[in-house]
Structures are given as structure tokens and as C-alpha cells.
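Architecture at a glance
The primary structure of each chain is shown beneath.
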Amino acid sequence: MTNVEHEITWTDAEGLAHSALWYAENAAPPPRTVVVADDRLKADTAYRMASEGTAILWTGDFQNARQLLSAMGRRADRKRRRFADDPAIAFNQHRQARALRARILGSLLIRLDEGAVAGLRRAPDVREACAGAGCPLDRPFVCSLVSLLGMVGAHEWRRKGVEVPALGARIHPYYGVFSPVRGEYVDLVAQAPLPPGDPARSVAFDIGTGSGVLAAVLARRGVGSVVATDQNPRALACAEDNIARLGLADRVRVVEADLFPASGRASLVVCNPPWLPAKPTSALESAVYDPGGRMLREFLRLLPRHLEPGGEGWLILSDLAEHLGLRTREDLLELIDRSGLQVLGRLDIAPRHSRASDPDDPLHAARSAEVTSLWRLGPR
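Definitions and cut-offs
Counting of residues starts from 1 at the beginning of each chain's written sequence and follows it residue by residue. For this predicted model, a pLDDT threshold of at least 70 governs which residues receive local features, and a threshold of 80 or more governs which side-chain atom pairs are given and counted, while totals over whole chains, interfaces and linings are taken from all residues. Just so you know, side-chain values use all the structure's heavy atoms and leave hydrogens and water out. By definition, any uninterrupted DSSP run of H or I lasting at least four residues is a helix, any uninterrupted run of E lasting at least two residues is a strand, and each is numbered from the N terminus. Relative accessibility under 20% of the residue-type maximum defines a buried residue, over 50% an exposed one, and the middle range a partly exposed one, all with a 1.4 Å probe and only protein chains included. Only heavy atoms matter for contacts: two residues are in contact if any of them lie within 4.5 Å across the pair. Counting rule for charge: Lys and Arg are taken as positive, Asp and Glu as negative, and neither His nor the chain ends is counted. To locate a charge, take NZ of a lysine, CZ of an arginine, CG of an aspartate or CD of a glutamate. Any two cysteine sulfur atoms lying within 2.5 Å of each other are counted as a disulfide. Working definition: rings of Phe, Tyr and Trp (its six-membered ring) pair if their centres are within 6.5 Å, and the pair is stacked with planes under 30 degrees apart, edge-to-face with planes over 60 apart, and tilted otherwise. Distance and angle both matter: a charge sits over a ring if NZ of Lys or CZ of Arg is within 6 Å of the ring centre and within 35 degrees of the ring normal. By definition, two strands form a pair when at least two bridges between them are found by DSSP. The axes are straight lines fitted to the C-alpha atoms, using for helices just the contacting stretch, and the angles between their N-to-C directions are given from 0 to 180°. Comment on the angle field: the value is read as roughly parallel under 35 degrees, roughly antiparallel over 145, roughly perpendicular from 65 to 115, and oblique elsewhere. Left-handed describes a crossing whose near helix is turned anticlockwise from the far helix through less than a right angle; right-handed describes the clockwise counterpart. Salt bridges are counted wherever a side-chain nitrogen of Lys or Arg sits within 4 Å of a carboxyl oxygen of Asp or Glu.

1. Overview of the overall build of the protein
Of regular secondary structure, the protein possesses 12 helices and 16 strands. By principal-axis analysis of the C-alpha atoms, the protein measures approximately 75 × 50 × 35 Å. Scored against the burial criterion, the 380 residues of the protein give a buried share of 49%. Sequence separation of at least 24 residues holds for 68% of the intrachain contacts in the protein that already meet a minimum separation of 6. Positive and negative charge centroids in the protein, built from 48 and 46 side chains respectively, lie 2 Å apart.

See the structure below:
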């Protein structure tokens, strides 16, 4: 939940005023104009209202609300835009279009009673999903249907887990924590040669651990002690849970830190920072977007002082930013050099996600050329 609480107000069909706590994961303010609607509302009308900035508080059947949301999404997708030939401009246009679509679909609202009980007809039990997402349970609140469905989907991911072949086990991601569904970066860490020496006597740092998947891979590869850091409370709880599930708590320690632990050095430091230098719009997007490349720059700048003699830093980074014109390969190499580091080697892997082969994706040219690399770095 956001630190600043807001209320949303509306008037019912009888003209009575109501209010409730407003919940938005991305700290978006509550809509100013809210109308109450039910199963009689047509999709064209709903889409027009949402496009004009009017939010719709649903009081009808829950499954009909889901159908309405899908119909609004289809209408939003019909408005195809021509994007610029310049990849950087096209990227910004694509993000703006996605933000507009999200705003329109986010205008369909749901009220939940105390305890996160959805009182609508045919509504599922969403209490555990809302609790896992950190929703307020001590009072009624209003959120978007898109947000609620995201919580439900995240709860299923957490309950079932994500199979990670490199581990031979499942990772259970929490709401708002990046899920290892794209396994390229995990495979790189599983395959790269470890620094010389006895792994069982070595220490490794996993910077920005998220779900804890890379820390677990390092421990499974025989690294004697792994310190996994993050500053997101959800990520810390998620990593601790996964490490415990995998029986690795005696070898992996999860600590709260902005990048590096407060003290100590390691023979191996691994970091998979966000790969696009842009502003995130949600907690989950923070795993993808890094404003100004701050995390990448700071990791490289501080890395030499946290390495043991002969140690290595593994930077796992997609080159999508380069294909989008947001960063050049020369920029990256200059950052590495300016940090007093040298490249010891590099492992590359092509993407396997569906967008890389989707010609209808506005960023297809960049995505199809994307390569994820593990840069082996050492002090110069």
C-alpha cells in the first residue's frame, strides 16, 4: 500500500454520497469523476466514458465486468498507431500508447468490503490474493478491476511456482516481484565458469536478488556462502521464502541493502540490473526500467571495492536498450572502463520469449535482435 492514503467518492443511483479508501499499486491518485454502473452498461459507452476520463464503479455481475473489460481492451487495440522510424522515438510512443490503454482499462473499478471480500454476484474469493498484494484488509477499499485481476494472477504464480530448469525446482514469485519466466539470464549464471578456487570456500553476492533465483543457482553450483541483497520488502520476503523452500537457508543469507552489503568482499558478485534506462510506472516495472541507468552505473562504480583479489563481477544485461537507441555499446564499455574494470569474457544468449518473434509488435525490429549477455568483469 502507498504511504499516502486517498479516498474515492461517488454518488449512487439514489443520490447518496459514498466514499472508501482508494488503493492503487502505482500510487496513482483517485479519479475525480466516478459513475456507478451495472450489467446494462454497453461496451461502447464504457469505452467512451473511460476515454474521456470518467471512472466506472461496477455494481453488477463480476463475470460480466470481466467481459466488459475485455471488450474495452479490444476497442483500445483497434486504434493502431503508426510509430516513428527512429527506435528511441518509437519506444517512447509505444510506452505512451500502453500508458493510455492502461489508463482507459484502469477506469473500471471494483469495491471490496472489509477483509477484501468482493460482494458482487459470481465474484471469486480474492481475499488471499489481496492479502498477498498488501491490500488493506481492515476496511473497504476501491481498486481497478485490472489491478484486482493482476493480484489474482500473481497469487496463482505464487501458489503454483515457476519451473526453473537450471534449478530443477520451482521459484514462487510474490506480487510485485519479477518472475523468472524469462530464463535466459538464469541459464547464463548456471553455465558461466566460476572464478578459480574452491567454490565451497568462496563467498558470492547476488545484488538485487528479487525472487532469489540467482542466489539459489549459485548455491546449487556449490558456492559456499551467498549474500543476496535487495531493498524491496516484498523481494526480501520472497527471496527468503524461496531459499527456505529449496533448503538453502544455511548457505544463502538475504539482507536488506541498496546494492552491496554494508561490509565484506566476495570472489563473485552477480547483478542482473534493469535493462532499460527509463522511468518505471509500477513496482514490478522496476525490474525492467532503471531511470537514467542509475543501478547499472552504481553497480559498476562500486564493484571493484567489493571484490576479493582475483574475483569477478558478473553483469547480466540485455542489449535491448542499444537496439532502441537508449544506450550504445560504447556507453556501456565506457562505464566499465571508467569504473576501473576490464572485460574478462562474455557469454551471450538469444531471447526465447514470444515478443521476439512477433512481427506485429511495434518494437519487433529491436526485440528480434536482442541478446542477453553475461559480462565477466575484473579490476583493471
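2. Regarding the state of the cysteines
In this structure the tally under the stated criterion is zero disulfides. Cysteine Cys 130 remains unbridged, with the sulfur of Cys 135 as its closest cysteine sulfur at 4.3 Å. Not part of a disulfide, Cys 143 finds its nearest cysteine sulfur in Cys 135, a span of 6.2 Å.

3. Notes on the side chain of His 94
Note that His 94 resides in helix α3 (residues 87-105). Take His 94: its relative accessible area is 13%, and that puts it in the buried class. Aside from chain neighbours lying at most four places away, what touches His 94 is Phe 83, Pro 362, Leu 363 and Arg 367.

4. Re the packing of aromatic side chains
In total, this model carries four aromatic pairs according to the counting rule given. Considering the side-chain rings of Phe 91 and Tyr 289, the 6.4 Å spacing of their centres and the 40° angle between planes classify their relative orientation as tilted. A residue pair is termed long-range when its members are at least 10 positions apart, and Phe 91 in helix α3 and Tyr 289 in the loop between β13 (266-271) and α9 (294-302) qualify at 198 residues. Note on accessibility: Phe 91 and Tyr 289 belong to one class, buried. Directly above the ring of Tyr 289 sits Arg 95, whose terminal nitrogen or CZ lies 3.9 Å from the centroid. Taking NZ or CZ as reference, Arg 158 lies 3.6 Å from the ring centre of Tyr 174, over its face.

5. Here we look at the environment of Pro 29
By secondary structure assignment, the location of Pro 29 is in the loop between β2 (17-22) and β3 (34-37). Taking C-alpha positions, Pro 29 is 28 Å from Trp 275, a pair spaced 246 residues apart along the chain.

6. Things to note about the sheet that holds strand β10 (residues 203-207)
With mixed pairing, the seven strands of this open sheet are ordered in space as β12-β11-β10-β13-β14-β16-β15. Two strands bound the open sheet, and with one partner strand each, they are β12 (252-256) and β15 (341-349). Averaged over all pairs of adjacent strands, the angle between strand axes in this sheet comes to 20°, irrespective of strand direction. In this sheet, strand β16 (residues 372-379) lies alongside β15 in antiparallel orientation, the contact comprising eight bridges. Bridging across to β16, Leu 347 finds its partner in Leu 374. Contacting β13, β14 (307-318), β15 and β16, helix α6 (residues 184-191) crosses the sheet at an angle of about 120° to β15. Across the sheet, α9 touches β10, β13, β14, β15 and β16, and the angle it forms with β14 is around 165°.

7. Focus: the packing of α6 against helix α7 (residues 213-220)
Interaxial distance between α6 and α7 falls to 9 Å at its minimum, and their mutual angle equals 25°. In this view, α6 runs roughly parallel relative to α7, as classed from their interaxial angle. The handedness of the crossing between α6 and α7 is right-handed. Contact with α6, carried on its side by Tyr 185, Val 186, Val 189 and Ala 190, involves Val 213, Leu 214, Val 217 and Leu 218 of α7 and no other residues of that element.

8. Examining the environment of Val 223
Relative to the elements of secondary structure, Val 223 occurs in the loop between α7 and β11 (225-230). With relative accessibility at 2%, the residue Val 223 sits in the buried group. Distance from Val 223 to Ala 204, taken between C-alpha atoms, is 7.1 Å for residues 19 residues apart in sequence. With near-sequence residues (within four places) excluded, Val 223 lies in contact with Leu 194, Pro 199, Ser 202, Val 203, Ala 204, Leu 218 and Arg 251.

9. Description of the pattern of salt bridges
Taken as a whole and judged by the stated rule, the model has 25 salt bridges. For Asp 38, the salt bridge is made with Arg 40, and the minimal N-O distance between the two is 2.9 Å. On the basis of relative accessible area, Asp 38 is assigned to the partly exposed category, the value being 23%. By relative accessible area, Arg 40 is classed as exposed at 69%. One salt bridge connects Arg 301 with Glu 298, and the closest N-O pair in it is separated by 2.8 Å. Taken together, the residues Arg 301 and Glu 298, both in helix α9 and three residues apart, mark about one turn of the helix. Classification of Arg 301 by relative accessible area gives partly exposed; the value is 43%. One network of salt bridges, in which partners are shared, links Glu 5, Asp 138 and Arg 139.

The quantities given are spatial measurements derived from coordinates; they are silent on function.
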